[in-house]
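Examining the three-dimensional arrangement
So you can see what is in the structure, the chains are spelled out below.
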Amino acid sequence: MDWPLLTQIWKRDAQALGETAKSPRSRELKARTASADRVVDSVCPYCAVGCGQHVYVRDEKILDIEGDPNSPISRGCLCPKGSATFQLVTGSHREQKVLYRRPHGKEWEALPLDRAMEMVADRVQKVREDTWEDRNADDKALHRTLGIAHLGGATLDNEENYLIKKLFSALGIIQIENQARI
Ligand code: SF4
């Protein structure tokens, strides 16, 4: 039926926001997400609110990321930053490599991830050995280092924070904080 007023009455579309607002062309349109092979539940990585997201995947590539209506935190909503999460994986400005600038160096060097991880591990080991405090002046056990601290980001989830705390405490590191608590 082409007459808007009659469509409104016929379809019980009192505010003309449903069927009445559709044209033959818009009626044929399908959401981009309709062609997804699967949907993966996720959590927005940007802040401590932790809004739920649906990640739509087609041919093993991310097609779109939208709010998860089942999330008790956000009920399908995302703020402008969370709504732009898709660009986190597709944005052309995103660095895809580890970049390293040597002490006094002026240029960034690309490093393989394995090499960068080894360098981090070497530095943690050396600082821990150099700053280890076994006992205090009263011969009381300390078993700690104040040479290393950890500040977590808001995007870490409970499980990651649990593992970070376990690992760092096992290394004798006591300065452990998370951005979500600041
Ligand atoms: S959508 Fe916005 S409010 Fe929600 S977690 Fe992401 S950045 Fe935070």
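A brief structural summary. Quantities reported herein were computed from a predicted structural model and do not represent experimental measurements.

Concerning the overall build of the protein chain
When its secondary structure is counted, the protein chain shows 6 helices and 8 strands. Reading the secondary structure of the protein chain in the N-to-C direction produces α-α-β-β-β-α-α-β-β-α-β-β-α-β. Since a compact globule built from 182 residues should have a radius of gyration of about 16 Å, the 26 Å found for the protein chain marks it as more spread out than a globular shape. Along the three orthogonal principal directions, the C-alpha set of the protein chain runs to about 90 × 40 × 30 Å. Out of the 182 residues in the protein chain, the part that is buried amounts to 7%. For the protein chain, restricting intrachain contacts to residue pairs at least 6 apart in sequence, the fraction spanning at least 24 positions comes to 30%.

What about the sheet that holds strand β8 (residues 173-178)?
With mixed pairing, 3 strands are arranged side by side in an open sheet as β6-β7-β8. Strands at the two margins of the open sheet, each flanked by one partner only, are β6 (132-135) and β8. Pairwise comparison of adjacent strand axes, ignoring direction, gives a mean angle of 30 degrees for this sheet. In this sheet, strand β7 (residues 141-152) lies alongside β6 in antiparallel orientation, the contact comprising 3 bridges.

Observations concerning the sheet that holds strand β1 (residues 38-43)
Pairing is antiparallel in the open sheet, where 3 strands are placed in the order β1-β2-β3. Edge positions in the open sheet fall to β1 and β3 (61-67), since each of these has one partner strand only. Direction aside, neighbouring strands of the sheet carry axes that sit 30 degrees apart on average. In the sheet, β1 pairs with strand β2 (residues 52-58) via 6 bridges, with the strands oriented antiparallel. Looking across to β2, one finds that Val43 is bridged to Gly52.

Considerations on unusual backbone geometry
Unusually for a residue other than glycine, Asp59 sits at a positive phi of about 50 degrees. Inspection of the secondary structure puts Asp59 in the loop between β2 and β3. A residue is classified by how many C-beta atoms lie within 10 Å of it, and Asp59, with 8 of them, is exposed. Its identity is not glycine, yet His143 carries a phi of approximately 50 degrees, on the positive side. Along the chain, His143 turns up in strand β7. Exposure remark for His143: the 10 C-beta atoms within 10 Å place this residue in the exposed category.

Reading the values: rules and limits
- Residues numbered from 1 in each chain as written.
- Predicted model: local features only at pLDDT ≥ 70, side-chain atom pairs only at ≥ 80, totals over all residues.
- Helix = DSSP H or I, 4+ residues; strand = E, 2+ residues; numbered from the N terminus.
- Rg over C-alpha atoms; globule rule 2.2 N^0.38 Å.
- Buried ≥ 20, exposed ≤ 12 C-beta atoms within 10 Å, placed from the backbone.
- Contact = placed C-beta atoms within 7 Å.
- Pairing = 2+ DSSP bridges.
- Axes fitted to C-alpha atoms, helices over the stretch in contact; angles between N-to-C directions.

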